[in-house]
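# Architecture and fold: a report
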Amino acid sequence: MLIGASATAAVGASVYIWQQQESGRPTDDVPASPPPIRIGWQTAWSQQGQVIQALLHSNAQELVQFKLTLTGFLFGPDLNEAAIAQSIDVTNAGIVPVVNLIAASPKWTIVGRQVDFDISVVASQASKIKKPNDLRGKRFGVPIGGGSHPYAIDLVRKEGIPEGTGANSVEIINVSPSDMLLALRAGQVDAVACWDPVTTLALTEGHHLVVSTRYGGFITAPSLLIRNRREQLVRLLAGYGLAYKLARENKDRVDRLYAESAKLKLDLVQKLPVTDRDLVASARGLPVISPQLETIQLTQSVADTMLDLGLIKKKISITDRVDTTLSGEASALMASLVPRIKLL
């Protein structure tokens, strides 16, 4: 499966980015450095994957002098499980996994912005689904706990479609991102709630778009890490910002890097839509790494919906779980380094 392959190939075991050391300095004179910051990211999320490739294949890590480890996870539930178990220090995730994480643990805080992207419902041609109400009597593949989960459930409820089997109901089937194309091909489901690259992969196979909506994502870190390793987090956020700039200015090269790492065809990767404001070719100026008000407001709306659907147990205030001071410092550092950033 293509997306499953990306989860393996893009990560390997782990990717290490080492803090630059002063050239020629004897090893025994180098002071002990803190351990790498362990970052979890979602491999089945194309725009984030492209930013990661720009980060890995550039001098960003040398410029901002940070030290980290990247570990890939297929989608949100796996990522959050590792975060709660403290096997990673920072998460890069969409709105829904972030809401699930901060609802489950008061320790986690939003510290940076991640890519904007679209959540979509894609249906097979054979299903004859043209609009959301046509999901009646159909089987709907939804990644439970993933980014499109509450959107999908809220969509069918707003259409007045009960969950279940039968001609007037919709059967919700748990399908992970790696299995969505197989499920559509085999007729196991009539439609899926997905995001890119699954959306574009499905469309190229003859399935069609029913409806979509804009979502976003965040970088999160636990409060203890923010207190104890603040400078490293600032440098990390600056590195991400520099990677955004490289990704938008070197799309052809980054497309090739992503296609190779994810084991996807280059012509398919080149068709992937660019929806993030800082990745479109027309973008100018410094990328925005700070959490934005509109995405925070959208996240609050999604969190309220998740509460109504019973997907989280208590109401949370998103603004109370956001720290913009680190990204502010990161933006200042990023601005000083922009003239020196380059792909290798």
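In case you missed it, the structure is sitting above this.
Residues numbered from 1 in each chain as written. Predicted model: local features only at pLDDT ≥ 70, side-chain atom pairs only at ≥ 80, totals over all residues. Heavy atoms only, no water.

### Examining the pairing of strand β4 (residues 90-94)
Among the five residues in β4, five count as buried, and that is most of the element. The side-chain alternation of β4 yields two buried faces, one formed by V90, N92 and G94 and the other by T91 and A93. Across two bridges, strand β2 (residues 37-42) lies against β4 in parallel orientation. What sits directly across from G40, in β4, is T91. Bridge count for β4 against strand β9 (residues 208-222) is four bridges, and the pairing is antiparallel. Its bridge partner being in β9, G94 is matched across the sheet by G217. (Buried < 20%, exposed > 50% of the residue type's maximum accessible area, 1.4 Å probe, protein only. Helix = DSSP H or I, 4+ residues; strand = E, 2+ residues; numbered from the N terminus. Pairing = 2+ DSSP bridges.)

### Focus on the packing of helix α4 (residues 76-84) against helix α5 (residues 95-104)
Running from amino to carboxyl end, α4 crosses α5 at an angle of 30 degrees, the nearest separation of the two axes being 9 Å. In terms of orientation, α4 and α5 fall into the roughly parallel class. Seen from above, α4 lies across α5 with right-handed handedness. Of the residues in α5, those touching α4 at G76, N80, A83 and I84 are P97, N100, L101 and A104. In terms of residue class, the contact of α4 with α5 is made up of five nonpolar, three polar and no charged. (Axes fitted to C-alpha atoms, helices over the stretch in contact; angles between N-to-C directions. Parallel < 35°, antiparallel > 145°, perpendicular 65-115°, else oblique. Left-handed = near helix turned anticlockwise from the far one by under 90°. Contact = heavy atoms within 4.5 Å. Nonpolar A, V, L, I, M, F, W, Y, C, P; charged D, E, K, R; others polar.)

### Regarding the pattern of salt bridges
Under the criterion given, the structure shown has 18 salt bridges. In this structure, the salt-bridge partner of R113 is D116, at a minimum N-O distance of 3.7 Å. Using a relative accessible area of 1% as the deciding quantity, one classes R113 as buried. D116 gets classed as buried once you look at its relative accessible area, which sits at 7%. Between D134 and K131 there is a salt bridge, with the nearest N and O atoms lying 3.1 Å from each other. Taken together, the shared-partner salt bridges connect R113, D116, R248, D276, R277, D278 and E294 into one network. (Salt bridge = Lys/Arg side-chain N within 4 Å of Asp/Glu carboxyl O.)

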